[in-house]
Amino acid sequence: MNKIVVLTGAGISQESGLDTFRDANGIWAKYNMEEVCTLEGFKKNPEKLHEFYNQLRSNLPKYLPNAAHIALAKLEQAVLKKEIEAELVLITQNIDDLHERAGSRFLYHMHGELYKIRCTTCDRRMEWHKSCFPYTSCPYCHAVTLRPDIVWFGEMPYYMQEIGRALSDCNLFVAIGTSGVVYPAAGFVNEVQGRAKTIELNLEHSMGTSNFDESWQGSATELVPEFVNYLLNAYQK
């Protein structure tokens, strides 16, 4: 059985209009990372941090899934319908919901989700599409200790055990639109080297390009549909 692991990064959503974090005109060029993406920043100025995520959350509906998101959803459907001899694990570093809106149903958001909130008192994670403020209480335990359900710098990403199992027996690893500098995701390719074929799909060479067997350069909206069609043909029953 062909076992495919796909990792997506900010580059796949950039073509839908979303800012990346690390580009010259990206989010970190406009905001202080320590203020809006660390636990220390949250403790120091929760109002500013909540304002940042409230704005991201309210703006998200205007961005639409692009051809790359749709192609990966198409690949998932082919797997679920057993149209191809393959299994698929989709992992994203992105906190947006564009994969879901494109039709993907099974994926790991290793850095959390913009449309979720977490209570640090009862540790419940819940869907959250409205604004949140320092005085907003938890719907379950009523504590005033809500925070965005986002993995900040210095925190452990979600689903690392599940991701580790997927990496341990995959024979194809594909990274799409990743910078190659954010760990632990940047190290996934090293975990499968010598056992799985590794391919990078990116607008340009990343910091980790040399670790991949193949590197395809171009826009995600062109490369990903082309690559998915290649897989559908290669793995068809």
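Please read these numbers as outputs of a predicted model, since none were measured by experiment.

Conventions used here
- Residues numbered from 1 in each chain as written.
- Predicted model: local features only at pLDDT ≥ 70, side-chain atom pairs only at ≥ 80, totals over all residues.
- Heavy atoms only, no water.
- Helix = DSSP H or I, 4+ residues; strand = E, 2+ residues; numbered from the N terminus.
- Rg over C-alpha atoms; globule rule 2.2 N^0.38 Å.
- Buried < 20%, exposed > 50% of the residue type's maximum accessible area, 1.4 Å probe, protein only.
- Contact = heavy atoms within 4.5 Å.
- Polar contact = N/O pair within 3.5 Å; in protein donor to acceptor, adjacent residues only side chain to side chain.
- Pairing = 2+ DSSP bridges.
- Axes fitted to C-alpha atoms, helices over the stretch in contact; angles between N-to-C directions.
- UniProt positions renumbered as here; feature names shortened; annotations may be inferred.

Would you explain the overall build of the protein in this entry?
From N to C terminus, the protein includes 10 helices and nine strands. In terms of overall size, the protein behaves like a compact globule, its C-alpha atoms giving a radius of gyration of 18 Å where 237 residues would be expected to give roughly 18 Å. The 237 residues of the protein split such that 50% are buried. Considering only contacts in the protein between residues 6 or more positions apart, those separated by 24 or more positions represent 65%.

How should the side chain of Asn94 be read in this particular structure?
Position of Asn94 relative to the elements: it lies in the loop between β2 (86-92) and α7 (98-102). Polar side-chain contacts of Asn94 include one of 3.0 Å to the backbone oxygen of Gly9. Aside from chain neighbours lying at most four places away, what touches Asn94 is Thr8, Gly9, Ala10, Ile12, Ser13, His109 and Gly112.

So what exactly am I meant to see when it comes to the sheet that holds strand β3 (residues 107-109) here?
The strands making up a sheet associate through backbone hydrogen bonding, with each pair oriented either parallel or antiparallel. Spatially, the six strands line up as an open sheet ordered β3-β2-β1-β7-β8-β9, and their pairing is parallel. Unpaired on one side and paired on the other, β3 and β9 (214-217) mark the two borders of the sheet. Averaged over all neighbouring strand pairs, the angle between strand axes comes to 15 degrees, with direction disregarded. Two elements, strand β8 (residues 197-202) and β9, share four bridges in a ladder whose sense is parallel. Considered in β9, the bridge of Leu201 is made with Trp216. Against the sheet, helix α6 (residues 67-80) makes contact with β1 (2-8), β2 and β7 (172-176), and its axis sits at roughly 145 degrees relative to β2, the strand it touches most.

Explanation requested: the UniProt feature "binding site: Zn(2+)" (unreviewed entry) in the protein in the structure shown.
Mapped onto this numbering, the UniProt entry gives "binding site: Zn(2+)" (unreviewed entry) at Cys119, Cys122, Cys138 and Cys141. Taken together, the annotated residues stretch across 23 residues yet fold into one region, lying no more than 8.7 Å apart by C-alpha. Mapped onto the fold, Cys122 is located in the loop between β4 (112-119) and β5 (125-127). A relative accessible area of 29% places Cys122 in the partly exposed class. Not counting residues within four places of it along the chain, the set of residues in contact with Cys122 comprises Cys138 and Cys141. Considering the arrangement of structural elements, one finds Cys138 in the loop between β5 and β6 (146-150). The contact partners of Cys138, leaving out residues within four places of it in the chain, are Cys119, Cys122, Met126, Ala143 and Leu146.

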